[in-house]
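Residues per chain, in single letters:
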Amino acid sequence: LQTALKKTPAGPVSVQRMLIAFAKRYSPASGTPQKYDPTFKGPIYDRGCTDIICCVLLMVAVVGYVAVGVVAWSQGDPRKVIYPTDSRGQFCGQKGTPNEKKPFLFYFNIMKCASPSVLLEFQCPTTQICVEKCPDRYLTYLQASAQNEEYYKQFCVPGFKSLKKSPPEVLRDGDCPAMITPSKPLARRCLPAINAKKGVIMVGNQTIFDDGRGQQRNVTDLVDGAKQANVVLEARQVAMKIFEDYTVSWYWIILGLVISMVVSLIFIVLLRFLAGIMVWVMIVLVILVLGYGIFHCYMEYAALKGQAGSDVSLKDLGFQTDFRVYLHLRQTWLAFMIILCITEVVIILLLIFLRKRILIAIALIKEASRAIGHIMTSLLFPLCTFFLVCLCIAYWASTAVFLSTSNEAIYKVFNETHCDYSGTRCNPETFNTSSIAKECPDARCLFAFYGGETAYHKYLIVFQIYNVFMFFWLANFVIALGQVTLAGAFASYYWAFKKPDDMPAFPLFSSFGRALRYHTGSLAFGSLILAIVQIIRVLLEYLDHRLKAAENKFAKFLLTCLKCCFWCLEKFIKFLNRNAYIMIAIYGTNFCTSARNAFFLLMRNIIRVAVLDKVTDFLLFLGKLLIVGSVGILAFFFFTQRIRLIQDSTPSLNYYWVPILTVVVGSYLIAHGFFSVYAMCVDTLFLCFLEDLERNDGSAEKPYFMSSNLKKLLKKTNKRQPEA
C-alpha cells in the first residue's frame, strides 16, 4: 500500500481509486462493492432472457411429466385404493361381478401386510378373497376339517372342495388359510379384533400371546407377529378415535382457522399504521403469554401434589395411546414449565442484548409496512402461490395413486413334476381347457404377484421417482416465482426517490410479467438445484428405513451424517436462492451471477446480516407466535370445556388435543402465509439498503434512497437534497 501511495498522484479521487483497486486485488473473497451508477433507478426494465437452457429443460420435463400422467391415468385404477379387490383383481361388493354379495376382503395372512412395500404398491403379498362377513371365531383348518367345515370353506378360495385333498395338501397349495381369527371390518377389510389385557394379547376371548409372564401359546402361527399385530390394532383404534373427533369438531376447527386469519389480517393492517407500537406490544404480549403458560403449568403441577399415581415417571409409564393419561402426571407439567421458562429467559436475554439493533429492525419493519401499504395487492399474492402449489400437490398425488394402482394380477404355472411351461404366465379362467393343463396334469394356474412384465411395469418405480422429483421442481419453481414477483415490486418502492410518485403504476403485475418473460430459466435453475437436494434427502430417508433392522452401526452412522449434511445444504440453498431471486428481480442477471453478487454483498455486511436481518426475522417470528399462542389458548379453553360459547356447544371428544393441535398448526400456516409477504419485503429492502450504502454516499450527486427514519438511525444525511 505504501508503494502504491508513492507512485500515485496526490488527491482524494486518486487515493479512492487506488484503495478500490487494492480491495479488488487483496480482498477477492468478499467480492467487489457496487459502484455508483447515475442511470440506476431501481429494477432494470431493459433486460434480456436469462438461463434459456434451463427454461427449455423445464419445458421438456413438464411435457414428460404430462406424458407420465396420461400413461398412468390410462393404466391405473384408483378404485383399487378405495374399494378392496381380491387376488383375481375383482372388486368386492360391486354390482355385476361374482363378488356382488361379498363386500368384505379377507386376508389369508394379515402379517404380510406389514411390509413397507405395501405403501408403495398398495397391494398385500398374500392371498385375498371376498367374503360375505368377517370371521367371528377362532378356528384352525385342522379343527375345521373335523367340525365346522362348511363355515370354514367360505374363507377358502372360490370353488374349493376339500374331499379330494388332505389338510397338508390344502395348506401347501394355499387353498385355505391356516387359521381364522375373530375380525372386524374396517374400510371393508377384515382386520383381527386383537386387544391386550394385562400384558396378554387376545383375539376375542382367545389368548394368543403372553409377554413372558404366562405360558399361553394356543395359536403358534401368530406368536412371532402378535406384538406387531397389537401395535397395528392400537394404531387403528387411535386413528378411528381421531377420525371421530374430526367428524364432531370440524366446524369448530374451521371457525378457529377463520379467527386466526382475521387476527392475522388485523395484525398486518395495524402494522401498516402502528408498526413501532405494535412491535413493542407484540414483544410484551409474547412475554406475558409465555408467563401465563408458566403460571398455568405450575398451578397444574401443584394441584396434582398428593394425588394417587401423579408421581409415576414418564419412563415408567411408557407410550400410551390415550394421551390424556400424561396430563395426570406431575412430571409432564414440570417438563412443560421448564421448556416455557427456558424460552422466556432466552427471549428476554435476546431483547436485552439486542435492544439497539431492535430499533433499526423496527425501522425496517416500518419501511416494509409503508411499502406494503403502497402495494396492498401483495397481501393477496400468496393466495395465488398457494393455489399453484395446491395444483402441484393434486397432480402429484393423483399421478402417484394411478401409478401405484396400475399393476395387474400376474398368474403363473406352478407344478410339482417337470413341466416345460413352469413359471410362464397363464389365465386362470381358461387354464383348465388349455393345452398346458393337458400336457401337465398336475400343473395349476395360481396368483403369483401384482405387477406386470411390460416395459411400463418394469420402469414403474422410475416413474414414481420422476413424479416425486417433478413435484419438488415445480413446487419450488412456483415458490421462486412468488419470491421474485414480490422482490421486484418492493424493490421498485425502495429505489423510488420520491415515494410513491416515482413508483410504476402496477408494480406487482409489472414484476410478475418480467419474471415470467425474462427469468423463467433462472427460476427453473434455482428450483432444480433445490429439487435435486430434496430428492436425495428422500432417498436417504428411504435407505434409513430399509437399514433400521440392520446391525451395521457404521452404515447407520454414515447415513445419519449424510442426512444431516444434506439438511444443512438444503437450508443454505434456500437462503442463497432467496437472495439470488431478489438480485434477479432488481438487475435482471442470470442465476449464477445473481447468487454470487448476493452472497458477496451479504459477506461484505456479515455483521448486519447476522444481527439486523435475523433480529427482524425474530420479531416477525414473535408475531406469528403471538397469533398462534392466542388462538391456541382460546382453542384449549374451549375444547377442554373451560369456556362455553353456547350451552352444550362443546363437542364430546376422545382426544381434545386433536382439534387443538389442528387449530394451532393451521393458525401457524395462516400466519406464516401473511407474514411471508412481510419477510420477503424486509429481505428485499435489506438488500436494497446494503446496495444503497455501497452505491451512494449522501452527496448531491449520489444521494441515499433510504427513508428519513433509517437515515436518522444510521446518522446519514443527503447533502443539499430534500428528504425523500
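Each value, and the rule that gives it
- Residues numbered from 1 in each chain as written.
- Predicted model: local features only at pLDDT ≥ 70, side-chain atom pairs only at ≥ 80, totals over all residues.
- Heavy atoms only, no water.
- Disulfide = S-S within 2.5 Å.
- Helix = DSSP H or I, 4+ residues; strand = E, 2+ residues; numbered from the N terminus.
- Buried < 20%, exposed > 50% of the residue type's maximum accessible area, 1.4 Å probe, protein only.
- Salt bridge = Lys/Arg side-chain N within 4 Å of Asp/Glu carboxyl O.
- Polar contact = N/O pair within 3.5 Å; in protein donor to acceptor, adjacent residues only side chain to side chain.
- Contact = heavy atoms within 4.5 Å.
- pLDDT = per-residue confidence, 0-100.
- Expected span 1.5 Å × (residues − 1).
- Phe/Tyr/Trp six-rings, centres within 6.5 Å; stacked < 30°, edge-to-face > 60°.
- Pairing = 2+ DSSP bridges.
- Core = buried A, V, L, I, M, F, W, Y, C linked by side-chain atoms within 4.5 Å.

- As recorded by an unreviewed UniProt entry, the protein chain carries the name Choline transporter-like protein and is attributed to Gekko japonicus.

### Description of the state of the cysteines
In step 1: All chains considered together, the criterion is met by 3 disulfides.
In step 2: Two residues share a disulfide in this structure: C134 and C190, whose sulfurs sit 2.0 Å from each other. Of note, the bridge from C134 to C190 carries an S-S torsion of about -85 degrees and is left-handed in sense. With a gap of 56 residues between them, C134 in the loop between β2 (128-131) and β3 (139-140) and C190 in strand β6 (residues 189-192) connect regions that are remote in the sequence.
In step 3: In this structure C134 comes out as buried when scored by relative accessible area, which is 11%.
In step 4: Looking at C568, it has no disulfide partner, and the nearest cysteine sulfur is the one in C564, 4.4 Å off.

### Regarding the pattern of salt bridges
In step 1: Scanning the entire structure with this criterion turns up 9 salt bridges.
In step 2: Two residues, K563 and D544, come together in a salt bridge whose shortest N-O distance is 3.1 Å. Taken together, the positions of K563 in helix α19 (residues 553-587) and D544 in helix α18 (residues 520-546) put the pair 19 residues apart, joining distant regions of the chain.
In step 3: With a shortest N-O distance of 2.6 Å, D683 and R578 are connected by a salt bridge. Here D683 is found in helix α22 (residues 657-695), whereas its partner R578 is found in helix α19, with 105 residues between them in sequence.
In step 4: Overall, D683 belongs to the buried group, its relative accessible area being 9%.
In step 5: Here the salt bridges share partners, and the residues they tie into one network are R537, E570 and K574.

### Quick look at the side chain of S594
In step 1: Relative to the helices and strands, S594 is located in helix α20 (residues 591-604).
In step 2: Judged by relative accessible area, which is 0%, S594 ranks as buried.
In step 3: A polar atom in the side chain of S594 sits 2.5 Å from the side chain of T589.
In step 4: With residues near it in sequence (within four places) discarded, S594 still touches A580, M583, I584 and T589.

### A short note on the confidence of the model for the protein chain
In step 1: Confidence along the protein chain averages 77 in pLDDT terms, with 79% of residues attaining 70 or more.
In step 2: The model gives residues 1-28 a pLDDT under 50, and that stretch makes 13 contacts with residues more than four places away or in other chains.
In step 3: The low-confidence segment residues 207-233 (pLDDT under 50) makes 51 contacts with residues lying over four places distant or belonging to another chain.

### Overview of the environment of G623
In step 1: When you line up the elements, G623 lands in helix α21 (residues 606-639).
In step 2: Spatially, the C-alpha atoms of G623 and M282 are 6.3 Å apart, while their sequence positions differ by 341 residues.

### Observations regarding the environment of Q94
In step 1: On the secondary structure map, Q94 appears in the loop between α4 (79-82) and β1 (104-107).
In step 2: Sequence spacing of Q94 and Y83 is 11 residues, and the spatial spacing of their C-alpha atoms is 8.9 Å.
In step 3: Apart from residues no more than four positions distant in its own chain, Q94 is found in contact with Y83, N99, E100 and R188.

### Focus on the environment of S708
In step 1: Within the fold, S708 resides in helix α23 (residues 708-714).
In step 2: For the pair S708 and A363, spaced 345 residues apart in sequence, the C-alpha to C-alpha distance is 10.0 Å.

### So, helix α12 (residues 355-374)
In step 1: Under the 1.5 Å per step criterion, the end-to-end length of α12 is 29 Å for 20 residues, consistent within 8% with the ideal 28 Å.
In step 2: Listing the buried residues of α12 in full gives I358, I360, A361, I362, A363, L364, I365, E367, A368, S369, A371 and I372.

### Focus on the packing of aromatic side chains
The geometry of two aromatic rings is summed up by the distance between their centres and the angle between their planes.
In step 1: Per the counting criterion, the structure on display carries 26 aromatic pairs.
In step 2: Centre to centre, the rings of F106 and F155 are 5.3 Å apart; their planes meet at 50 degrees, and the pair counts as tilted. Of this pair, F106 sits in strand β1 while F155 sits in the loop between α7 (149-153) and α8 (167-173); the two residues are 49 residues apart in sequence, bridging distant segments of the chain.
In step 3: Given a relative accessible area of 5%, F106 falls into the buried group.
In step 4: Taking the relative accessible area as the measure of exposure, F155 reaches 0% and is therefore buried.
In step 5: Between F525 and F591 the ring centres are 5.2 Å apart and the planes differ by 55 degrees, which places this aromatic pair in the tilted class. With F525 in helix α18 and F591 in helix α20, this residue pair connects regions lying 66 residues apart in the sequence.

### Digging into helix α11 (residues 330-353)
In step 1: Taking 1.5 Å as the rise per residue, α11 with 24 residues should run 34 Å; its terminal C-alpha atoms sit 35 Å apart, in good agreement.
In step 2: For α11, every residue scored as buried is listed here: R330, T332, W333, M337, E344, I347 and L351.

### Brief notes about the pairing of β2
Looking down a regular strand, the side chains alternate between one sheet face and the other.
In step 1: Of the two faces of β2, both are covered, the one formed by Q128 and C130 as well as the one formed by I129 and V131.
In step 2: Sheet topology note: the β1/β2 ladder contains 4 bridges and is antiparallel. Bridge assignment links Y107 to a residue of β2, and that residue is Q128.

### Overview of the nonpolar core
In step 1: Counting residues in each nonpolar core, the largest one holds 102 residues, and the members touching the most others are L271, W473 and L619.
In step 2: Apart from the residues within four sequence positions on either side, L619 is in contact with V279, M282, I283, I358, A361, I362 and I365.
In step 3: Residues F108, Y141, A144 and Y152 belong to the second largest nonpolar core, which totals 17 residues.

### Focus: the side chain of H519
In step 1: For H519, the location among the structural elements is in the loop between α17 (507-518) and α18.
In step 2: Leave out the neighbours within four places in its chain, and H519 touches R47, G48, T50, R514, I584, G588 and T589.

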